[in-house]
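# Tertiary structure, described
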Amino acid sequence: MLVSFLLLVAAVCVNGRLYIQGDHFYYNGQRVFFNGVNQAWVSYGYDWGNNQYQYRRSKFQSVVNDVKNNGGNSIRVWVHVEGQTSPHFDNHGHVTGTDSSNSLIHELTEYLQYARNHQVFIFLCLWNGAERGSTNWRLEGLIKDTGKLHTYINHALIPMVKALKDQPALAGWDIINEMEGVLNPNLHSSEPCFDTTFLAPSGAGWKGHIHSAQDLLRFINWQAAAIRKTDPQALVTAGSWNPKSNTNMNGMKNLYSDHCLIRAGHDNAGTLNFYSTHTYDNKNTHQYDSYSPFKHNKNQYGLGKPLIIAEFNQVRGGHHSIEELFTYAYYHGYAGAWSWHANADGSDTDDFPTQQRGMRSLRGKNDQNNGGLINLTI
């Protein structure tokens, strides 16, 4: 009876906000499953701030409509990317505001309100470590220089969180997409959390062996702490490129664990509420590696927190159909599935009609023992 009472109190306390119990998300007392897509970008790095959203609005709204109409309930969207236009940097790499025209918060507010009106949750991903071109000095500075990172947190991140925290459609924050792209996988350290040699043959560091695990984990720890201190009900993650760096299974290491994040940044509040990982097959063999979520039940990773399969697709799907992949995620303990990606540019992406088929395969499901509720009323 005491347990039931405490669960009831917890549900009442977070009524109207997403919350987590154990390995699952809940909303208004019901277990939910995030069925959706990555919007990522319309124009890479140039969507938000500096009054740019007005030129992207129709595309962003169109995807919200399509997600809703095809049975989906969530979208992952990238904000700063590599710092091309937001936040606003001075010539020394210090952040002085959200963007040069102070329009970023207004633009995100408008978008979130539109998504809420269409019953679609939005997860905002701040940064990208899988950089497209040469490394970006603005983002590099924030990762390496703690003084610069403080200016971002104080002058951009905290104002964003304060302004957006009461938007019902804002489901969560993703600190950085695939930090492993700029991780040095060859660093020995006496601190296990900072020793990345276990990733040496994995393909990590494909954009250059630029940053230590300590710098990248501090980058995540400080931002996660700032978000959670500003909005204690906020849900925070960071998207790993592969479960290899997000689990202790079979000789790997969970760099995203509470222990490792706190070791790097020394802020006990700077941990993740849930995990998110990405998975694609090998281009040559067209097979998933042995760590892929599509080869495991979620509980085999031993994480103790919800796990979303935050990027995947059919074109790199190990010969599985998009419907099979969405369905597997739903029935094997994962908290959500987001296909890559609605803009459908580049070779490693499904076209949008394929992704819509995937979302439709889960339309209307509400298995409270496996998966959860899809059709939500925000």
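Before any of the text, the structure's been laid out above.
Residues numbered from 1 in each chain as written. Predicted model: local features only at pLDDT ≥ 70, side-chain atom pairs only at ≥ 80, totals over all residues. Heavy atoms only, no water.

### Examining the overall build of the chain
Quick reminder of the rule: A helix here means a DSSP run of H or I that spans at least four residues, while a strand means a run of E at least two residues long, and both kinds are numbered starting from the N terminus. Atoms considered for the radius of gyration are the C-alpha atoms alone. The globule rule reads 2.2 Å times the number of residues to the power 0.38. Pairs of residues are marked as contacts when any of their non-hydrogen atoms sit within 4.5 Å. Positive charge is attributed to Lys and Arg, negative charge to Asp and Glu, and no charge count is given to His or to the chain ends. Just so you know, the charge point we use is NZ for Lys, CZ for Arg, CG for Asp and CD for Glu.
What the chain contains, in helices and strands, is nine helices and 13 strands. Scaling as 2.2 N^0.38, a compact globule of 378 residues should have a C-alpha radius of gyration of about 21 Å, and the chain matches this with 19 Å. Overall size of the chain, expressed as C-alpha extent along the three principal axes, is 50 × 50 × 45 Å. Look at the contacts in the chain between residues 6 or more apart in sequence, and 77% of them connect residues 24 or more apart. When the 30 positive and 31 negative side-chain charges of the chain are each reduced to one mean point, those points stand 3 Å apart.

### A few points about the pairing of strand E4 (residues 34-40)
This is how it is decided: Summary of the burial criterion: residues with accessible area below 20% of their type's maximum are buried, those above 50% are exposed, and those between are partly exposed, where the area comes from a 1.4 Å probe applied to protein chains only. Two strands qualify as a pair provided that DSSP identifies no fewer than 2 bridges between them. Handedness of a crossover is defined as follows: orient the strands so they point away from the viewer, and if the path from the first strand over the helix to the second runs clockwise, the crossover is right-handed.
In terms of residue burial, E4 counts as a mostly covered element, since seven of its seven residues are buried. Across four bridges, the pairing between E4 and strand E13 (residues 336-339) is parallel. Across the sheet, the residue bridging to Phe34 is Gly336, located in E13. As judged from the four bridges shared by E4 and strand E5 (residues 74-81), these two strands associate in the parallel manner. Within E5, the position partnered with Val37 by the bridge is Ile75. Taken together, E4, helix H2 (residues 53-69) and E5 form a β-α-β motif whose crossover is right-handed.

### A short note on the state of the cysteines
Rules: Put simply, a disulfide is two cysteine sulfurs that come within 2.5 Å.
One pass over the structure, following the stated rule, counts one disulfide. Put simply, Cys193 and Cys260 are joined by a disulfide, and their sulfur atoms are 2.1 Å apart. On the S-S bond that ties Cys193 to Cys260, the torsion sits near -80 degrees, and the link is left-handed. With Cys193 in the loop between strand E9 (170-177) and helix H6 (213-230) and Cys260 in helix H7 (residues 258-265), the pair connects residues that are 67 residues apart, well separated along the chain. Each member of the pair, Cys193 together with Cys260, is buried.

Coordinates in, geometry out; function isn't part of it.
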